[in-house]
Amino acid sequence: MIRKFVDWIKRKFGFVVTQSAEKQIIDNDKFNANYSDVSDINITVMIASKLAKLATADAELNILDTQKHEQINEALQSFWYDLSNTTSMVLSTGGVALVPRVNDGVFAIDLVAHNRLIINSVQNHKIKEVAVLAETKEIGQYDKLYKWINQKVDENNVLTISSSTVNERGVTVEEKEEIFIQISNCDEVLLAYFKCPSDNRRENNNIGVPITFGAEKLINDYKANLEQLKEEYDSKKGLIFMDSRMFSLDENGNAIVTERMARAINGYDDFIYQEYSPLIRYEAYEQRSEFLARQIEKQIGLSCGILSKSEHIQATATEIKRANVETESYVKDIQKEIVRTVDTLVKSFNVLANCAGFTEELTEYNTKFTNAFSDDETYWAKYVQANSLGIVSDAELRQLLLKNETLAEAQIEIGKINENSNFLSGMIDE
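Residues numbered from 1 in each chain as written. Predicted model: local features only at pLDDT ≥ 70, side-chain atom pairs only at ≥ 80, totals over all residues. Heavy atoms only, no water.

Caption draft 1: Broad picture of the overall build of the protein. A count of helical and extended segments in the protein gives 13 helices and 15 strands. Within the span of the protein, comprising 430 residues, buried residues form 40% of the whole. Considering only contacts in the protein between residues 6 or more positions apart, those separated by 24 or more positions represent 59%. Looking at the protein as shown, the accessible area adds up to about 25200 Å², and 50% of this sits on carbon and sulfur atoms. (Helix = DSSP H or I, 4+ residues; strand = E, 2+ residues; numbered from the N terminus. Buried < 20%, exposed > 50% of the residue type's maximum accessible area, 1.4 Å probe, protein only. Contact = heavy atoms within 4.5 Å. Areas by Shrake-Rupley, 256 points an atom, 1.4 Å probe, with all protein chains shown as cover.)

Shown next, in the form of structure tokens:
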């Protein structure tokens, strides 16, 4: 089916789809299928969800003078509201397309999955040509219609938006409401491609891949080890080994308990059976799981603690920050992609607003992220507030300020300070 679509797009829109591009289309379909599969443990989604929350925690999108841009503001805030889930999907599948639209003065954003998107031309991170599967219709019991929207920017910065409908055999079907629009002064198509920042290991990095791309073998080994651990638990069930002489057979060949067995159970004879329960090899399997989890993190380019166990229990604040540098760097890359996506969305909305008769363009807006790994003034203020509410101890607050102290050392110093404070208070009272 995918091959038929590729051939049809070549004919209809004049795409020059290379073999590598065809492979990307097939890969994207596989990535989306893996993302949607809920029948088994999904390591990619686990990692993506955790990183998405780190990247989007306390994120803010501020649009000034919202009265002039009320419709655009509502559309962008709707996207921002689902930012964590959208980011998780992006990291799990490689990317999504966010397509802005305006119908009867109402602005909205449609999310298009990676396997419904064919990017054919990119220049300086700006998409020049793209085809999007916009709609699927069932016709009768045995056929479907697929509506594709094509956007192409020519050398004169004229954007042409056209549509066409094809059936499951790749044959064009005439539809009454096909689209053909041309817009001047456009240097990129009217959609934002929110891409996973992981390296796709190709000659260009225009097409995103899931965050665990290239770590499939390690993930399979990790899951196999978990399955072996489950089998080990199952084998822990008590087994009783008995000599066959303890049983005799009836006329139907079924085993029956002999008098000797009954006497043994009643305690009148020495026991001739015993429970056999082998020592579970839990530690060995757990150590291998931890090893594989750490290897997966290294393959992706993350610090420990995302899939593996954290090693920061006895570390100082400086050591913790140093140990998190890989994950912090990756989270910043995600946030850069979010900012770029918002910029492209705003730019596309301004073009649509002009076409719809709105004269005011949205230019004053900003995005803000609270770095989950930073210790800046904002982060310090939150800790002080948490301390006043009794959520964070004095020792934890001191450790944040004096980064070379462990929590235990900070607790000792806080104790000394409290003792001196009580002594001085006693002298003053006297």
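Caption draft 2: Representation of the sheet that holds strand β10 (residues 192–195). Read from one edge of the open sheet, three strands run β3-β2-β10, paired in antiparallel fashion. Whereas interior strands pair on both sides, the edge strands pair on one side only; in this sheet they are β3 (106–113) and β10. Strand-to-strand twist across the sheet, computed as the mean angle between neighbouring axes with direction ignored, equals 25 degrees. Contacts from helix α4 (residues 70–81) reach β2 (95–103) and β3, with the element oriented near 30 degrees to β3. (Pairing = 2+ DSSP bridges. Axes fitted to C-alpha atoms, helices over the stretch in contact; angles between N-to-C directions.)

Caption draft 3: Geometry of α4. In this model α4 runs 16 Å from its N-terminal to its C-terminal C-alpha over 12 residues, within 8% of the 16 Å that 1.5 Å per residue would give. When α4 is considered as a whole, its buried residues turn out to be Ile 72, Asn 73, Ala 75, Leu 76, Phe 79 and Trp 80. Across the axial projection of α4, the buried residues extend over an arc of 165 degrees, all falling on one side. Buried residues in α4 make contact with β1 (60–63), α5 (83–93), β2, β3, α10 (325–355) and β15 (365–368). (Expected span 1.5 Å × (residues − 1). Arc of directions from axis to C-beta.)

Caption draft 4: Here's a closer look at the nonpolar core. Ile 47, Leu 51, Leu 76 and Trp 80 are the most contacted members of the largest nonpolar core, which totals 67 residues. Here the element with the most residues in this core is α10; it accounts for 11 residues. The contact partners of Trp 80, leaving out residues within four places of it in the chain, are Ala 59, Glu 60, Leu 61, Ile 338, Val 342, Thr 367 and Phe 369. One finds Ile 118, Leu 133, Tyr 146 and Val 166 within the second-largest nonpolar core, a separate group that totals seven residues. (Core = buried A, V, L, I, M, F, W, Y, C linked by side-chain atoms within 4.5 Å.)

Caption draft 5: Here's a closer look at the environment of Asn 254. With respect to the element layout, Asn 254 can be found in the loop between β12 (247–249) and β13 (255–257). Contact partners of Asn 254, with chain neighbours within four places excluded, come to Ser 248 and Leu 249.

Caption draft 6: Fine view of the pattern of salt bridges. On inspection of all chains with the given rule, the structure shows 12 salt bridges. With a shortest N-O distance of 3.3 Å, Asp 27 and Arg 202 are connected by a salt bridge. Residue Asp 27 is found in helix α2 (residues 19–36), and its partner Arg 202 is found in the loop between β10 and α6 (216–234); the two are separated by 175 residues along the sequence. The buried category is assigned to Asp 27, whose relative accessible area is 8%. Lys 223 is the partner of Asp 40 in a salt bridge, and the nearest nitrogen-oxygen pair spans 3.2 Å. Within this pair, whereas Asp 40 is found in the loop between α2 and α3 (43–56), its partner Lys 223 is found in helix α6, the two being separated by 183 residues in sequence. A residue is classified by how much of its surface remains accessible, and Asp 40, at 45% relative accessible area, is partly exposed. What emerges from the salt-bridge pattern is a single network uniting Lys 126, Asp 187, Glu 188 and Lys 347. (Salt bridge = Lys/Arg side-chain N within 4 Å of Asp/Glu carboxyl O.)

Caption draft 7: The arrangement of the packing of α3 against α5 in detail. In contact at an axis separation of 8 Å, α3 and α5 are set at 135 degrees when each is read in the N-to-C sense. One finds that α3 runs oblique with respect to α5. Remark: the crossing between α3 and α5 carries right-handed chirality. Each of Thr 44, Val 45, Ala 48, Ser 49, Leu 51, Ala 52, Lys 53 and Thr 56 in α3 lies in contact with α5, whose residues at this interface are Leu 83, Ser 84, Thr 87, Ser 88, Leu 91 and Ser 92. The residue makeup of the contact of α3 with α5, split by class, is six nonpolar, seven polar and one charged. (Parallel < 35°, antiparallel > 145°, perpendicular 65-115°, else oblique. Left-handed = near helix turned anticlockwise from the far one by under 90°. Nonpolar A, V, L, I, M, F, W, Y, C, P; charged D, E, K, R; others polar.)

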